[in-house]
Amino acid sequence: DAQVVVSQFGSMDGSRPGNLALFDLESEKVEIAFEGGSAGAERAQQAEQAPGWGDPNCPGPPTEKFSPHGIDLADLPGLGLRLLVVNHGSREAVEFFAVEQKGGEVELNWRGCAPAPEEAFLNDVVNLPGGGFLVTQMMPRGEATWGILKAALGFDTGHVYQWESGQGFAIAEGTRAPFPNGIELSEDGRFIYLNVYSGGEVRKIDRQKGEVLATVAVASPDNVTWGRDGRLLVASHRGGLFDQLACMGLEAGACGMEFAVVAVEPGKMQAETLLNHAGAPMGAGTVILDVGDGEFLIGSFAADRMLRVRLAR
């Protein structure tokens, strides 16, 4: 059966834990696959500082405060299926998991981490073909209110970090922007597609030259994934600040904030809206996953559910 890895977000400041789960497309059952603390430590199968599995200075498996945010899964030469997870709980870090099948069951086994720079406040992550990764920094840690205000006024508040084994974190050239959010990469690793949330655009960046090659307007672009037709699928927030604040204070159920699903053609950087939705059964769409046969899963940053929809393209 096909399964989808789901990041069940805790909180941005790490005050509320979350977990990683597996969603079965056929049965629609959700099973927790990894949570921090003693259970997570028992499942940790840390490699002997093998390249591609984190920093040698990683202090150990996530604690019970583990709070996952952005995730990315890739099949890498010599490493197999590697899942990267942004974690805000007890430490700001990118966690490394091996996705393995044992006895017909899928397991997420923690293998290491890359502790972020002290001032970092991370969001989304993407694997690099050679074993490193790129991760977005929204704004400096401890500057949430001021950072959001600066970003809204158009000032650059964040950037993309590049991490390589043995080299650590470095700011990727040409990636400074007002509140960088979701990130994707071309298959050959040459182009970055960066969602600039407060700038209302998706940027195409040449990694070698450190230059912005093109942009396309998308209102408040949150996360981005590749669709099976070769286009980028962007979750676009259409609600205002008060709608977002209400969603963040949600205790149960689902927030109804308006959102859109936008497809971006990566060559010409042209956008097409595939869906606009607000209200029940779920709003505040944060990520879209193309699961095939015209069907899509849509996750929310404020809900206890996902949407499963068919979209005409």
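Up top is the structure.
Residues numbered from 1 in each chain as written. Predicted model: local features only at pLDDT ≥ 70, side-chain atom pairs only at ≥ 80, totals over all residues. Heavy atoms only, no water.

A. Region of interest: a nonpolar patch on the surface. Judged by side-chain polarity, Leu241, Phe242, Leu245 and Met248 come together as a nonpolar surface patch covering roughly 500 Å² of accessible area. For Met248, the position within the fold is in helix H3 (residues 241-248). (Patch = residues over 30% accessible without salt bridge, like charges linked within 9 Å, V, L, I, M, F, W, Y side chains within 5 Å. Areas by Shrake-Rupley, 256 points an atom, 1.4 Å probe, with all protein chains shown as cover. Salt bridge = Lys/Arg side-chain N within 4 Å of Asp/Glu carboxyl O. Helix = DSSP H or I, 4+ residues; strand = E, 2+ residues; numbered from the N terminus.)

B. Summary view of the sheet that holds strand E13 (residues 191-196). If you trace the four strands from one edge of the open sheet to the other, you get E12-E13-E14-E15, paired in antiparallel fashion. Looking along the sheet, the strands with just one partner apiece sit at the ends: strand E12 (180-185) and strand E15 (211-217). In this sheet, adjacent strand axes meet at a mean angle of 25° when their direction is disregarded. With six bridges joining them, strand E14 (residues 201-206) and E15 adopt antiparallel strand pairing. Along E15, the bridge assignment pairs Lys204 with Ala214. (Pairing = 2+ DSSP bridges. Axes fitted to C-alpha atoms, helices over the stretch in contact; angles between N-to-C directions.)

C. Local environment of the state of the cysteines. This model, assessed by the stated rule, comprises two disulfides. The residue that forms a disulfide with Cys58 is Cys113, at a sulfur-sulfur distance of 2.1 Å. An S-S torsion of about 115° defines the bridge between Cys58 and Cys113 as right-handed. In this pair, Cys58 is assigned in the loop between helix H1 (38-43) and strand E4 (68-76) and Cys113 in strand E7 (residues 105-115), connecting sequence segments 55 residues apart. (Disulfide = S-S within 2.5 Å.)

D. The sheet that holds strand E2 (residues 19-24), seen in detail. Strand order in this open sheet of three strands is E1-E2-E3, and the pairing throughout is antiparallel. Each of the sheet's edge strands pairs with one partner strand only, and the pair in question is strand E1 (3-8) and strand E3 (30-34). The sheet shows a mean angle of 35° between the axes of neighbouring strands, direction not considered. Relative to E2, E1 runs antiparallel, the two sharing six bridges. By the bridge assignment for E2, Val6 is matched with Ala21.

E. View of the packing of aromatic side chains. Under the criterion given, the structure shown has ten aromatic pairs. For the ring pair Phe133 and Phe169, a centre distance of 5.8 Å and an interplane angle of 70° mean the geometry is edge-to-face. Of this pair, Phe133 sits in strand E9 (residues 133-137) while Phe169 sits in strand E11 (residues 168-171), placing them 36 residues apart in sequence. In terms of burial, Phe133 and Phe169 fall into one category: buried. Above the plane of the ring of Trp53 lies Arg111, whose end atom (NZ or CZ) is 4.9 Å from the centre. (Phe/Tyr/Trp six-rings, centres within 6.5 Å; stacked < 30°, edge-to-face > 60°. Buried < 20%, exposed > 50% of the residue type's maximum accessible area, 1.4 Å probe, protein only. Lys NZ or Arg CZ within 6 Å of the ring centre and 35° of its normal.)

F. Spatial organisation of the nonpolar core. Counting residues in each nonpolar core, the largest one holds 16 residues, and the members touching the most others are Val94, Phe96, Leu122, Val125, Phe133, Val135 and Phe169. Breaking this core down by element, the ones donating at least two residues are strand E5 (80-87), strand E6 (93-102), strand E8 (122-127), E9 and strand E10 (159-164). Counting residues per element, this core draws most heavily on E6, at three residues. The residues touching Phe133, leaving out its near neighbours within four places in the chain, are Leu84, Val94, Phe96, Ala114, Val125, Val126, Asn127, Leu128, Tyr161, Gln162, Trp163 and Phe169. (Core = buried A, V, L, I, M, F, W, Y, C linked by side-chain atoms within 4.5 Å. Contact = heavy atoms within 4.5 Å.)

G. Here's a closer look at the pairing of strand E19 (residues 270-277). When strand E18 (residues 259-265) meets E19, the two strands line up antiparallel, connected through seven bridges. Note that in E19 the partner of Val261 across the bridge is Leu275. Connecting E18 to the next strand, E19, in antiparallel fashion are four residues, including Met269 with a positive phi near 55°.

H. Up close: the environment of Thr63. Relative to the elements of secondary structure, Thr63 occurs in the loop between H1 and E4. On the basis of relative accessible area, Thr63 is assigned to the partly exposed category, the value being 29%. Each C-alpha atom of the pair Thr63 and Ala41 lies 8.2 Å from the other, and the pair is 22 residues apart in sequence. Setting aside residues up to four positions removed in sequence, Thr63 forms contacts with Gly36, Gly37, Gly89 and Ser90. A polar side-chain atom of Thr63 sits 3.1 Å from a polar atom in the side chain of Ser90. (Polar contact = N/O pair within 3.5 Å; in protein donor to acceptor, adjacent residues only side chain to side chain.)

I. How the structure looks around the environment of Leu128. Locating Leu128 in the fold gives a position in the loop between E8 and E9. Under the relative-accessibility criterion, Leu128 is labelled buried at 3%. Taking the C-alpha atoms as reference points, Leu128 and Ala74, 54 residues apart in sequence, are found 8.8 Å from one another. If near-sequence neighbours (up to four positions away) are discounted, Leu128 is found in contact with Leu76, Phe133, Leu134, Gln162, Trp163, Glu164, Leu185 and Arg207.

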